[in-house]
Amino acid sequence: MLKDSYLVGLIGSGIGPSLSPALHEREAGRQGLRCLYRLLDLDTIGVPPEAVGELLRAARLLGFDGLNITHPCKRLVVEHLDALDPRAEALGAVNTVVFEGGRAVGHNTDVTGFAAAFARGLPDAPLERVVQLGAGGAGAAVAHATLTLGAERVTVVDALPERAADLAAALNRRFGPGRAAAAPPGRLPELLGAADGHGGLVHATPTGMAAHPGLPLPAGLLHPGLWVAEVVYRPLETELLRTARAAGCATLDGGGMAAFQAADAFRLFTGREPDSTRMLADLTELTGGAVGAPK
């Protein structure tokens, strides 16, 4: 049933700089709705990621309509839900939970968010060989999105080899044998060399976030024959993007994915159709940069 007032929030670690509250509250205001968006930061509350189930139950008791879920809880939250949307079930990762009819239902808007941002920002990028750093919750979503966009092969690299292998196996089950592979970080020089002129790098780890500064790989591995797509959007200008542009790479920041996934989550929370173009403009204004444009 449609309402005119909503209480939603975000569970994650180091989420103080998140722009989700502003994105949701601004769009709600334009539609004549009242939306209160609250941050449930694990670091501030002082609880481990495994406490996501307790936070979920507390939010439901307090009358929340839904929650966004981010690092490091996108996989951990799954076991605490009553049902999963087919896309979230295929991914094994959830970034949006809707409380409806006494049930907590998990969804994943990262897939559609990344696909929309990539198609808009790097429409002509070659997709023969894609190397992806990160096999966590966000990594699962963007790998699915990249293959949906037409990538011939995605090689997933993660510090945890078994996690990369599990994701590659899931991708091959969904998209067909040989579409995905797993590799250790030590193979990055070889993989990025082979992608020269044929593909690029998708970064899907927390490295580069305000709470996790730094580069996720040696700067010398970047070269002009690669494009680089970032998932991190706070800050919008990560060290990886600066280094990649200096190396001559076409780049895509994480702002477009953030705006488009927020628009999809807004639709799930409220039952109303968001204006994703306006929400992208909001993110541009809030970050002071040209969001989602190739550079």
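Along each chain, the written sequence defines residue order, and numbers are assigned to residues from 1. Only residues with pLDDT of 70 or above have their local features reported here, since the model is predicted, and side-chain atom pairs are shown and tallied only from 80 upward, although totals for entire chains, interfaces and linings are computed over all residues. As a rule here, side-chain values cover all heavy atoms of the structure and leave hydrogens and water aside.

K.L.:
Describe in detail the packing of aromatic side chains, supporting the description with residues and values.
P.N.:
A pair of aromatic rings is counted whenever rings of Phe, Tyr or Trp (Trp by its six-membered ring) have centres within 6.5 Å, and the orientation is called stacked for planes under 30 degrees apart, edge-to-face for over 60 and tilted otherwise. In the structure shown here, the tally under the stated rule is two aromatic pairs. Plain terms: the ring middles of Phe 118 and Trp 227 are 5.0 Å apart, the flat faces sit at 70 degrees to each other, and that makes the pair edge-to-face. In this pair, Phe 118 is assigned in helix α5 (residues 110-121) and Trp 227 in strand β11 (residues 226-230), connecting sequence segments 109 residues apart. Relative accessibility thresholds used throughout: buried, under 20% of the residue-type maximum; exposed, over 50%; partly exposed, between the two (1.4 Å probe, protein chains only). On the accessibility criterion, Phe 118 (4% relative accessible area) is buried. With relative accessibility at 3%, the residue Trp 227 sits in the buried group. Taken together, the ring pairs connect Phe 114, Phe 118 and Trp 227 into an aromatic cluster. Helix and strand definitions here come from DSSP, where helices need a minimum of 4 consecutive H or I residues and strands a minimum of 2 consecutive E residues; each element is numbered from the N-terminal end.

K.L.:
Would you mind going over the sheet that holds strand β7 (residues 129-133) in detail, with residue names and values included?
P.N.:
When DSSP finds two or more bridges between two strands, those strands count as paired. Reading across the sheet, the six strands line up as β9-β8-β7-β10-β11-β12 and stay open at both edges, with parallel pairing between neighbours. Sheet topology places β9 (180-183) and β12 (250-252) at the edges, where each strand pairs with a single neighbour. Adjacent strand axes in the sheet meet at a mean angle of 20 degrees when their direction is disregarded. Pairing of β7 with strand β8 (residues 154-157) involves four bridges; the strand directions are parallel. Helix axes are fitted only over the stretch in contact, all axes being lines through C-alpha atoms; the angle between N-to-C directions runs from 0 to 180 degrees.

K.L.:
Explain unusual backbone geometry to me, and be specific about the residues and the numbers.
P.N.:
Pro 72 follows His 71 through a cis peptide bond whose omega is 5 degrees. One can find Pro 72 in the loop between β3 (66-69) and β4 (83-84). The omega torsion of the bond from Arg 234 to Pro 235 falls at 5 degrees, within 30 degrees of zero and hence cis.

K.L.:
Any chance you could break down helix α10 (residues 255-270) for me, citing the residues and the numbers?
P.N.:
Three- or four-residue spacings in an α-helix give side chains the same orientation, since the helix completes a turn every 3.6 residues. An ideal rise of 1.5 Å per residue puts 22 Å on 16 residues; α10 measures up with 22 Å between its terminal C-alpha atoms. Of the residues one or two after α10, Gly 271 is the one with positive phi, at around 75 degrees. The span expected for a helix works out to 1.5 Å for each residue beyond the first.

K.L.:
So what's going on with the nonpolar core? Residues and values would help.
P.N.:
When a protein is soluble and globular, its nonpolar side chains tend to lie buried together. In this description, a nonpolar core means a group of buried Ala, Val, Leu, Ile, Met, Phe, Trp, Tyr and Cys residues linked to one another through side-chain atoms lying within 4.5 Å. Counting residues in hydrophobic clusters, the biggest one holds 46 residues, and the most contacted among them are Phe 114, Phe 118 and Trp 227. Elements with a minimum of two residues in this core: α5, α6 (137-148), β8, α7 (161-175), β11, α10 and α11 (276-287). Counting residues per element, this core draws most heavily on α6, which supplies seven residues. Between two residues, a contact is recorded if the distance between any of their heavy atoms is within 4.5 Å. Every residue in contact with Phe 114, bar those within four places of it in the chain, is listed here: Val 142, Ala 145, Thr 146, Val 202, Ala 229 and Met 257. Counting residues in each nonpolar core, the second largest holds 18 residues, with Ala 59, Leu 67, Val 77 and Leu 81 among its members.

K.L.:
Talk me through the layout of surface pockets; I want residue IDs and the actual numbers.
P.N.:
Roughly 890 Å³ of internal volume is contained in the largest pocket. Using only the protein atoms, space was sampled on a 1 Å grid; points where a 1.4 Å probe fits but cannot get out form cavities, open sets with protein on both sides within 12 Å along at least five of seven lines form pockets, and lining residues are those with an atom within 4 Å of a point. Taken together, 44 residues line the largest pocket, and the ones lying closest to its centre are Thr 70, His 71, Lys 74, Ala 138 and Met 209. Residue contributions to the lining of the largest pocket peak at three residues, all from α10. Residues that form the lining of the largest pocket fall into these classes: 25 nonpolar, 13 polar and six charged. Looking at the second largest pocket, its volume works out to about 240 Å³. For the second largest pocket, the full set of lining residues is Met 1, Leu 2, Lys 3, Tyr 6, Asp 65, Val 98, Phe 99, Glu 100, Leu 268, Phe 269, Thr 270 and Gly 271. Of all the secondary structure elements, the ones that give two or more residues to the lining of the second largest pocket are β5 (96-100) and α10. When residue character is reported, Ala, Val, Leu, Ile, Met, Phe, Trp, Tyr, Cys and Pro are called nonpolar, Asp, Glu, Lys and Arg charged, and the others, Gly included, polar. Split by residue class, the lining of the second largest pocket holds seven nonpolar, two polar and three charged. Grid points are joined across faces, edges and corners, and a volume is the space filled by probe spheres set on the points.

On their own, these measurements won't tell you what the molecule is for.
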